[in-house]
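So you can see what is in the structure, the chains are spelled out below.
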2 protein chains.
Amino acid sequence: MSEQQTEQEFLASYNIHDYDIPLTSVDMAIFTLHDEQVHVLLVKRAQHPALGQWALPGGFIDISSDKTLEQTAQRKLKEKTGVDTPYLEQVATTGNHHRDPRGWSVTVSYFALIAHNEFQLQKDASSDQVVWVPVDDVSSTYTLAFDHQEILQQCYERLRNKVQYTSLPVNLLPQEFTLTELQKTFEIILGKSVEKKSFRRRLLDADILEETGSTRKGSNRPAKLYRVKPEGESHFFPRNIEGPR
Amino acid sequence: MSEQQTEQEFLASYNIHDYDIPLTSVDMAIFTLHDEQVHVLLVKRAQHPALGQWALPGGFIDISSDKTLEQTAQRKLKEKTGVDTPYLEQVATTGNHHRDPRGWSVTVSYFALIAHNEFQLQKDASSDQVVWVPVDDVSSTYTLAFDHQEILQQCYERLRNKVQYTSLPVNLLPQEFTLTELQKTFEIILGKSVEKKSFRRRLLDADILEETGSTRKGSNRPAKLYRVKPEGESHFFPRNIEGPR
DNA sequence: TGACATAGTGTCTTATTGACACTATCTTAG
DNA sequence: CTAAGATAGTGTCAATAAGACACTATGTCA
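Residues numbered from 1 in each chain as written. Chains lettered and ligands numbered in written order. Predicted model: local features only at pLDDT ≥ 70, side-chain atom pairs only at ≥ 80, totals over all residues. Heavy atoms only, no water.

### Section: the domain arrangement of chain A
Residue and element names in this part refer to chain A. Filter applied, for reference: Where each domain starts and ends comes from a domain assignment, either automatic or drawn from a database. Throughout, a contact is declared for two residues whenever any of their heavy atoms are within 4.5 Å. What counts as buried area is the accessible surface, traced by a 1.4 Å probe, that two parts surrender upon association, with contributions from both included. Any Lys or Arg side-chain nitrogen located within 4 Å of an Asp or Glu carboxyl oxygen qualifies as a salt bridge. Each helix corresponds to a stretch of at least 4 residues labelled H or I by DSSP, and each strand to a stretch of at least 2 residues labelled E; elements are numbered beginning at the N terminus. Residue classes follow a fixed rule: Ala, Val, Leu, Ile, Met, Phe, Trp, Tyr, Cys and Pro count as nonpolar, while Asp, Glu, Lys and Arg count as charged, and any other residue, Gly among them, counts as polar.
Considered domain by domain, chain A is made up of domain 1 (21-163) and domain 2 (168-232). Each of domain 1 and domain 2 was reduced to a C-alpha centroid, and the two centroids are 28 Å apart. If you look at the interface, domain 1 gives 19 residues, while domain 2 gives 13 residues. Approximately 1300 Å² of surface area, both sides summed, lies buried where domain 1 meets domain 2, with 76% of it carried by carbon and sulfur atoms. Taken together, the connections running from domain 1 to domain 2 amount to one salt bridge. Where E36 meets K184, a salt bridge forms, and the shortest distance between an N and an O atom there is 3.8 Å. Among the secondary structure elements, those contributing two or more residues to the side of domain 1 that touches domain 2 are β1 (23-34), β2 (37-45), β5 (87-96), β6 (105-113) and α4 (148-163). It is α4 that provides the largest number of residues to the side of domain 1 that touches domain 2, a total of four residues. For the side of domain 1 that touches domain 2, the per-class residue count stands at ten nonpolar, four polar and five charged.

Structure, rendered in structure tokens:
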């Protein structure tokens, strides 16, 4: 290195291919609700490495088309599900020398929440098969590629933790829903029942929902429909939800 | 690409230098407490790009010596402060095409909490100057390189948020401390005072501290000294701490 | 028109926090 | 030796919010 190089000179002579740097990718756990269970999307890899194995959707940053990391994640999600405005949250970044046979590798994991009625599965070039699997069944039924089992675990744990003190589950429902449906959603993720009155107080007092004016009719008293107010999709409650004592 | 390549063949022919991939680095906000203020460590860059500008300590993953991403962060911290077992938490990963003049770049940010008495500043090759700055003064006093201002902001916000529902601040104190000192620490980060009895109940009921048996003497009633129990350094309280009404 | 099913509420009990005055125990000055 | 000053630490009650659960409300359907 010369002694008095300007930044311009430095950048002119800089060539990223001269360095040994890690691979960087994005992986996603896309969650939805179906049959009273949280499901996650898995893809069968159509490319080396780990060809033919099940994995979380993901891939490399396309530095020519992606402007930001989040765009990479959005793109992957859109490719697989057609959904383009989900709840998307970055979970963690895992990097080490052994997780990918190609060498030192870093992956940024995200989870997405989408409503079960609002997507259509897409089949794209990079995967020949796509399935929704109940999260609780993944480890017993599938052997995921790389460290995707752990990444999925992290994402699911983040979700389950945040159910205790945020309004995240609203993102798993269609735009309009009843309080009972929302309560059921919380209960599924929490894995335990919650008391009706407390639940309603909690949600209504938080002022994150608004009535749509219409109702959901069944063979009983019609339930008011609600939608989420603009900033309600990620409200933080001042205390954790608790199950029955 | 051949049609029926084995994974072995694929890996043999794989050369990372054939691809356009982003740069990946680690940046850290190292926090400590001093003069009743949270301080963060800044370094003056001794290398291009942004030579001579102040920045958060950080750098590239050394794929030959670092085994994991966290090790990269640990190594950076050790180089600057000599501390090697701090509280370390990954905050976020930022990646886009414009944050670094060398091209598409991804950085994983961490924050570390260290006790003010437990480190010695080191000067190493990659930086000629190092300073501790009160976090609240950074934006008015320094112009940080790259997007480090935003990264610092994220880290500090994470810390301030977590003070409300975790025991994190214990990591800013020496191994032994009094409850009053701990309360003061919470108050500094929260930016408001908390009620003594409530605070003590909260901490003691959580069962994360143990008495050391000795006391801190002053010109008044001696205060019991406590240390943190093994898993107390990151306890989650079931509800947020609240200020006075 | 009455049974049923689910939506939604009234209200009491219980748990936890906030407020704040009080007691405890040290040092230091005289 | 004692009283003043200072900070540590506690007792206790009021205020707040959640849990429990019975109750009412409003629709469908036979």
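And the narrative resumes.
### Structural notes on the protein's contact with DNA strand D
The line we're drawing: Nearness of a residue to a molecule or strand requires only that one of the residue's heavy atoms be within 4 Å of it. For this analysis, a polar contact is any N or O atom pair within 3.5 Å, provided that within protein one partner can donate a hydrogen and the other can accept it, and provided that sequence-adjacent residues contribute only side-chain to side-chain pairs.
DNA strand D sits among 24 residues. The nearest are A:R201, B:K196, B:R200, B:N220 and B:K224. Atoms of DNA strand D within 4 Å of the protein belong to the sugar or the phosphate in 55% of instances, the rest to bases. A distance of 3.3 Å separates a phosphate oxygen of DNA strand D from a polar side-chain atom of B:T180. At 3.1 Å from a base nitrogen of DNA strand D is found a side-chain nitrogen or oxygen belonging to B:R221. Of all the secondary-structure elements, those providing two or more residues to the surface near DNA strand D are α6 (196-205) and β9 (220-228) of chain A together with α6 (196-205) and β9 (220-228) of chain B. Considering each element in turn, the surface near DNA strand D owes the most residues, five residues, to β9(B). When the residues that make up the surface near DNA strand D are grouped by side-chain class, the tally is four nonpolar, seven polar and 13 charged.

### Some remarks on unusual backbone geometry
With glycine set apart, most residues show a phi of negative sign, and most peptide bonds adopt trans. All names here are of chain A. At the junction of H48 and P49, the peptide bond is cis and its omega measures out at -10° in the coordinates. Assignment of secondary structure puts P49 in the loop between β2 and β3 (54-55). A positive phi is found at D207, a non-glycine position, where the angle reads about 60°. Within the secondary structure layout, D207 lies in the loop between α6 and β8 (209-218).

### Considering the packing of aromatic side chains
Let me state the cut-off plainly: Between rings of Phe, Tyr and Trp, where Trp is taken as its six-membered ring, a pair exists when centres lie within 6.5 Å; planes separated by under 30 degrees are stacked, by over 60 edge-to-face, and by other angles tilted.
Tallied over the entire structure, the rule returns 13 aromatic pairs over all chains. Between B:Y165 and B:F236 the ring centres are 5.9 Å apart and the planes differ by 45°, which places this aromatic pair in the tilted class. Taken together, the residues span a long stretch of sequence, with B:Y165 in the loop between α4 (148-163) and α5 (179-190) and B:F236 in the segment after β9 at a distance of 71 residues. Taken together through their ring pairs, the aromatic side chains of A:F31, A:Y87, A:F111 and A:Y156 make up a single cluster.

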